[in-house]
Amino acid sequence: MFLVRNAGKTLPLIGVIVLAVMLIAGIVAIMDSIPLSIRTTYGYSKAYLGVTPRGNNAMTPVLRTQIEQEAPVPLGPVMTCRASDCEVKSIVGPWRFVVLALSQEDMRTYLSRLGGGRVEGRWPSSGAPEAIVSEPVARNLGKRIGDTMLSPTDVNNFSPKPVKIVGIVHMQPWMALMPIEYHRKYHFPPIDLLIVMAKDIRDQDRLDRWAFERFKGQQARVFAYFELEKETDEMFRILYSILNVVIGMLVVVITLMMAMLMNIYQSQRIQEFGLLQALGYTRSILLKRVLAETALVVVGGWIIGLGVAFLALLIVRAVLMEPRAFMLDPGDFKAYSYTIPVPIAIFVAATFTVVQRFRRFDPVGVVERRLV
Amino acid sequence: MIQVDKASLVYNDHGRDVYACRSIDLEVKDGEFLGILGPSGSGKSSLLYLMCGLKTPHEGQVLYRGRVVQAMDEQERASLRLNRFGFVFQYPYLLGYLSALENVLVAQPSGHRRAEAVALLESLGLGDKLHRLPHELSGGEKQRVCIARALLGGREVIFADEPTANLDHRNGVAVVETLVASRGTGSLVMVTHDPTMLEKADRVVTIADGELVQ
Ligand SMILES: Nc1ncnc2c1ncn2[C@@H]1O[C@H](COP(=O)(O)OP(=O)(O)OP(=O)(O)O)[C@@H](O)[C@H]1O
Ligand SMILES: [Mg+2]
């Protein structure tokens, strides 16, 4: 009743909580979008193990034989390929992205390994300076079919001849492929790499971990998804501990602010409680009432804040992130869980101030119009 | 029904003890209209607070139907004020965000007494102002809302602390008459510094400097 009749006093309180929740959820969700982008952009490596020779080109066939003979799980296709790279955009600046050079047949196998998708345009012709990319890559680069993707004049996206995009595959994973014959003829250095697929994709992780141990300290380098995960986690561990401190401080500041607001708000309330107490309401009933009201304001503000934050993130994603294929998860559970301390801290602070006031409180002072 | 037995109330005035009431003996009988007369600062309000349990005597005691009020727990004392006593404070104190009718209903949170509250306000001449907020009422109208609040539910004792202090004489007399007429079978204890307001009283006692004078 009080809350509704005094909307002018209640709404600012709710507003502050909404803003605080939005702020915290927003910061965490944006931060989270970076590792999410890494996992999405390089998610293709979940589908296979990459192995490159180290220091000695001639190692590739040796490695291939070793893997084929010793692999702990049944193997699927093992491809020899070449790789070049291009530059993709992220919210934290440019990232390198691999452009794999494969044979005609391997390109198709590769695509179906990543889940497949509808091909718009056509596949690159054997030996031609042409590329096929997945839709998120095209969106990220802002390119369409017919646009030049790599060129001799672009140091960040280099190829000795202009490479045109001739096909776009509609699929989630990020992928860029070109014909191996063209790469062999024009690109440097002439290093053959291996792409090793477990027969059953569920065995891929086991194969990856085995290869990582098997080739440790040898003339080979292993690229596997679990390593990517590990590096990403390590990279962000420090960032997240800083984030925790910042958000912790934010919660303290907001709580102090809210406690002061609540204090002013309750100074007005305490007059009412003096009268009600004089009329025969017990302290505990009044305390329960004010705590229920506080809980309503705090939890209500929090829930509205979650809703508003979700909407805001949806809008940010639609307007700023999607057009460049940046990742942002508006349903990021972690972002929302970071806001849980806000209502709790505010409720505790408010309860503390109310109880404090109720302890030394004489209703006669109120009905006699003396100050509380 | 209410017995004040050698009760004293002491205020601490910057380290010095001030007796607002000193060793007062007084009885309120069932159904009577008791007037308490005294100049400003004589301890009239303090005496009322002692009688209704809002203040605890430092010496002596107050008994309600033979039970010592200060020995009751907070719950019980609150329930006395909620269900058996009605209080009209010196200043008409209403909740600003509630209508006249809702302000009256505040006095009986558990009961369904809407009809009774409407009837009370009507009998007090506020039948057409039930939905006004306090700031839309005059001083005398507010005082009458307070009276309705004190009367709601039928009380055993109505305490009225200078209910006429802020009103002109004519309105003051009207308020007293309303109180006398609406209290039903309950007692009325009214405090004032104006003897003309106590013409209808069954009994009048005088208080000066915290002590009863005969
Ligand atoms: N909280 C307090 N602290 C100190 N002294 C107080 C306090 N309340 C009242 N007094 C003193 O106690 C005495 C009696 O006060 P009380 O309010 O009972 O007088 P009163 O007869 O009701 O006066 P009035 O007619 O002006 O309302 C006064 O001298 C007053 O100054
Ligand atoms: Mg007084």
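Shown above is the structure to which this text applies.
Residues numbered from 1 in each chain as written. Chains lettered and ligands numbered in written order. Predicted model: local features only at pLDDT ≥ 70, side-chain atom pairs only at ≥ 80, totals over all residues. Heavy atoms only, no water.

So, about the interface of chain A and chain B. Counting residues at the interface gives 23 residues for chain A, matched by 24 residues for chain B. For the pair chain A and chain B, the two sides together bury roughly 2,200 Å², of which 59% comes from carbon and sulfur. In this structure, the salt-bridge partner of K55 of chain B is D362 of chain A, at a minimum N-O distance of 2.6 Å. Here chain A is connected to chain B by 7 residue pairs in polar contact (both at pLDDT 80 or more). When residues of the side of chain A that touches chain B are assigned to their parent elements, the largest contribution, 8 residues, is made by helix α8 (residues 225-279) of chain A. Grouping the constituent residues of the side of chain A that touches chain B by class yields 11 nonpolar, 5 polar and 7 charged. (Contact = heavy atoms within 4.5 Å. Buried area = accessible area lost by both parts, 1.4 Å probe. Salt bridge = Lys/Arg side-chain N within 4 Å of Asp/Glu carboxyl O. Polar contact = N/O pair within 3.5 Å; in protein donor to acceptor, adjacent residues only side chain to side chain. Helix = DSSP H or I, 4+ residues; strand = E, 2+ residues; numbered from the N terminus. Nonpolar A, V, L, I, M, F, W, Y, C, P; charged D, E, K, R; others polar.)

Turning to the site of ligand 1, a few remarks are in order. Near ligand 1 you find 14 residues, and of these S40, K44, S45, S46 and E162 of chain B are the closest. At ligand 1, the nearby residues belong to more than one chain, namely chains A and B. Within the contact set of ligand 1, an oxygen atom lies 2.7 Å away from a side-chain nitrogen or oxygen of S40 of chain B. Taking S46 of chain B, its side chain carries an N or O atom lying 2.5 Å from an oxygen atom of ligand 1. Out of a free accessible area of 640 Å², ligand 1 has 70% covered by protein chains. Of the pockets mapped on this structure, ligand 1 occupies the second largest pocket. At 3 residues, the largest contribution of residues to the shell around ligand 1 is made by helix α1 (residues 44-52) of chain B. Across the shell around ligand 1, the residue classes tally to 3 nonpolar, 7 polar and 4 charged. (Near = heavy atom within 4 Å. Areas by Shrake-Rupley, 256 points an atom, 1.4 Å probe, with all protein chains shown as cover. 1 Å grid on protein atoms, 1.4 Å probe; cavity = no way out; pocket = protein on both sides within 12 Å on 5 of 7 lines; lining within 4 Å. Sits in = over half its atoms within 2 Å of the grid points.)

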